[in-house]
Amino acid sequence: MNTSTAAVPASEVADGKRRRPLVRLLLETPEVGVVAACVVVFVALALDKSSFAGAVNLQGMGFDLAQYGLIAIGESLVILTGGIDLSVGALLGTSVILMSWFNVRAGLPPVVAILLTLLIAGAVGLIHGLAVTRLKMAPFVVTLVTYTVAQGVTLAITSGTSITGIGGTFSDLGQMYVAQVPLPLILFVVVAVIAWFFLERTYAGRQVYAVGGNPEAARLAGIRGDRRIVSMYVTSSLLSAFAGILVLGRMGVGSASGVGVGWELSAIAAAVIGGVSLVGGQGRIIGIVAGTILLELINNGLTTLQINPNYTNIVLGCVLGLAITADRLRARSIARRG
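Here's the deal with the overall build of the chain
Thinking step 1. When its secondary structure is counted, the chain shows 14 helices and two strands.
Thinking step 2. Its C-alpha radius of gyration of 22 Å places the chain within 12% of the 20 Å reference for a compact globule of 338 residues.
Thinking step 3. Burial status across the chain gives 45% buried among its 338 residues.
Thinking step 4. Looking at the chain alone, contacts between residues at least 24 apart form 77% of all its contacts between residues at least 6 apart.
Thinking step 5. When the accessible surface of the chain is split by element, carbon and sulfur atoms take 67% of a total near 16,600 Å².
Thinking step 6. Within the chain, the 15 negative side-chain charges are centred at a point lying 8 Å from the centre of the 22 positive side-chain charges.

Spelled out as structure tokens, the structure:
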């Protein structure tokens, strides 16, 4: 009798010990909150507006998600190294114009125009990385210069007018569907999976975290931090240009007005909301994707609810402020436990 009654509490204690770490793990995982927020926001908007969960609206959100998501991943890779890239939006807009100019004005085939633009974008990222690692310039300053120059180049090439008559290859990439799923969304998922595999399953990916988390310790461990930093800036610029391909294909014209403007803030917001620490070394791709989805749900939801567009930036700014505050509180909590 005593043995049997004692066995029950023992099993309950064992179950409790198994449950507590799981609950604690969930509470300490930043992605849980943002994923839950995505579910809540989606359900609330779908219940309020039936058109929100309609196929047409979801497909439109898929196109938007791919555009913002690609630059968010690129931005996050740079932030993980302890840097920042303020040029992702402006470089996307310039890439749209460069591809249009190469294709229409220079008469180059779309594929060649794309390759040349990617080459230029990669060179810009290389300059960023070398300026940060070799010249020890602040990432904020370096990329802010590119942000300004890129906008100037866009206006200088177009004189403020759109470039029309681009090749059909761009439309195929930017507007095609695969089994009713937008091709850009599929490409975004592929990029996200590759980024996840790189960060989570490769030695080089773990080095990125090490460089961002503690540069001195990484150096003493023999990690070539400069190479990792440069490669992440190059990747960020390439992803901006890649997103530009999808934007150009969707618009059908090389527009010089408003394309990419302010998108760097959305990219940073998606990263921080998804759990990427602004001081580097912390964050995962699943959180970045979830952060991008949450921003797109809010953006699209405000439009669906016919909220004045002037309030959109206010809402997104408040969300970014809350995310940054949560990031600092989380960092302080981790520091205290350490």
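Considerations on the pattern of salt bridges
Thinking step 1. With the rule as written, the count across this model stands at two salt bridges.
Thinking step 2. Ionic pairing is found between D64 and R250, a salt bridge with its closest N-O pair at 2.5 Å. In this pair, D64 sits in helix α3 (residues 55-80) while R250 sits in helix α11 (residues 225-251), placing the two residues 186 residues apart along the sequence.
Thinking step 3. For R219, the salt bridge identified is with E216, shortest N-O distance 2.5 Å.

Observations concerning the side chain of S100
Thinking step 1. Checked against the element boundaries, S100 lands in helix α4 (residues 88-105).
Thinking step 2. In terms of polar contacts, S100 uses its side chain to reach the backbone carbonyl oxygen of V96, at 2.8 Å.
Thinking step 3. With sequence-adjacent residues up to four places away left out, S100 is seen in contact with R105, I163, I166, L248 and G254.

A word on the state of the cysteines
Thinking step 1. Counted by the stated rule, this structure contains zero disulfides.
Thinking step 2. Distance from the sulfur of C318, which forms no disulfide, to the nearest cysteine sulfur (C38) is 18 Å.

Side note on the environment of V78
Thinking step 1. Its location among the elements puts V78 in helix α3.
Thinking step 2. You can call V78 buried: its relative accessible area is 0%.
Thinking step 3. Separated by 151 residues in sequence, V78 and I229 place their C-alpha atoms 7.2 Å apart.
Thinking step 4. Ignoring any residue separated from it by four or fewer positions in sequence, one finds V78 in contact with G83, I84, D85, M232, Y233 and S236.

Considerations on unusual backbone geometry
Thinking step 1. Here K136, not a glycine, exhibits a phi torsion of approximately 60 degrees, which is positive.
Thinking step 2. You can see K136 is positioned in the loop between α5 (110-133) and α6 (139-158).
Thinking step 3. Overall, K136 belongs to the exposed group, its relative accessible area being 63%.
Thinking step 4. For S159, which is not a glycine, the phi torsion comes out positive at approximately 55 degrees.

Overview of the packing of aromatic side chains
Thinking step 1. Counted under the stated rule, the structure contains four aromatic pairs.
Thinking step 2. Taking the centre distance of 5.6 Å and the plane angle of 55 degrees together, the rings of F42 and F52 count as tilted. Taken together, the residues F42 in helix α2 (residues 30-48) and F52 in the loop between α2 and α3 connect sequence positions ten residues apart.
Thinking step 3. Pairing F63 with Y177 gives two aromatic rings, centres 5.6 Å apart and planes at 85 degrees, and the pair type is edge-to-face. With F63 in helix α3 and Y177 in strand β1 (residues 177-178), this pair connects stretches of sequence that are 114 residues apart.
Thinking step 4. For Y177, a relative accessible area of 39% corresponds to the partly exposed category.

Description of α6
Thinking step 1. Here α6 is 20 residues long and its end C-alpha atoms lie 29 Å apart, about the 28 Å a rise of 1.5 Å per residue gives.
Thinking step 2. Of all the positions in α6, only P139, V142, T143, T146, A150, T154 and T158 are classed as buried. Buried positions in α6, seen along its axis, are confined to an arc of 105 degrees and lie on one side of it.
Thinking step 3. Against α4, α5 and α11 lie the buried residues of α6.
Thinking step 4. Within two residues after α6, S159 carries a phi angle of roughly 55 degrees, on the positive side.

Topic: the side chain of N300
Thinking step 1. Along the polypeptide, N300 turns up in helix α13 (residues 285-304).
Thinking step 2. Judged by relative accessible area, N300 falls into the buried class, the value being 11%.
Thinking step 3. Contact partners of N300, with chain neighbours within four places excluded, come to F52, N57 and M61.

What about a nonpolar patch on the surface?
Thinking step 1. On the surface, L135, M137, F140, V141, L144, V145, V149 and V153 cluster together to form a nonpolar patch covering roughly 680 Å² of accessible area.
Thinking step 2. With respect to the helices and strands, the residue F140 is situated in helix α6.

Let's talk about the packing of α4 against α6
Thinking step 1. The N-to-C vectors of α4 and α6 enclose an angle of 30 degrees; their axes lie 9 Å apart at closest approach. With respect to α6, the element α4 is oriented roughly parallel. When the axes of α4 and α6 are compared, the crossing they make is left-handed. Note on element contacts: α6 touches α4 through Y147, A150, Q151, V153, T154, I157 and T158, opposite A90, L91, G93, T94, I97, L98, W101 and R105.
Thinking step 2. Residue composition of the contact of α4 with α6, grouped by class: nine nonpolar, five polar and one charged.

How each quantity is defined
Residues numbered from 1 in each chain as written. Predicted model: local features only at pLDDT ≥ 70, side-chain atom pairs only at ≥ 80, totals over all residues. Heavy atoms only, no water. Helix = DSSP H or I, 4+ residues; strand = E, 2+ residues; numbered from the N terminus. Rg over C-alpha atoms; globule rule 2.2 N^0.38 Å. Buried < 20%, exposed > 50% of the residue type's maximum accessible area, 1.4 Å probe, protein only. Contact = heavy atoms within 4.5 Å. Areas by Shrake-Rupley, 256 points an atom, 1.4 Å probe, with all protein chains shown as cover. Lys, Arg positive; Asp, Glu negative; His and termini not counted. Charge placed at Lys NZ, Arg CZ, Asp CG, Glu CD. Salt bridge = Lys/Arg side-chain N within 4 Å of Asp/Glu carboxyl O. Polar contact = N/O pair within 3.5 Å; in protein donor to acceptor, adjacent residues only side chain to side chain. Disulfide = S-S within 2.5 Å. Phe/Tyr/Trp six-rings, centres within 6.5 Å; stacked < 30°, edge-to-face > 60°. Expected span 1.5 Å × (residues − 1). Arc of directions from axis to C-beta. Patch = residues over 30% accessible without salt bridge, like charges linked within 9 Å, V, L, I, M, F, W, Y side chains within 5 Å. Axes fitted to C-alpha atoms, helices over the stretch in contact; angles between N-to-C directions. Parallel < 35°, antiparallel > 145°, perpendicular 65-115°, else oblique. Left-handed = near helix turned anticlockwise from the far one by under 90°. Nonpolar A, V, L, I, M, F, W, Y, C, P; charged D, E, K, R; others polar.

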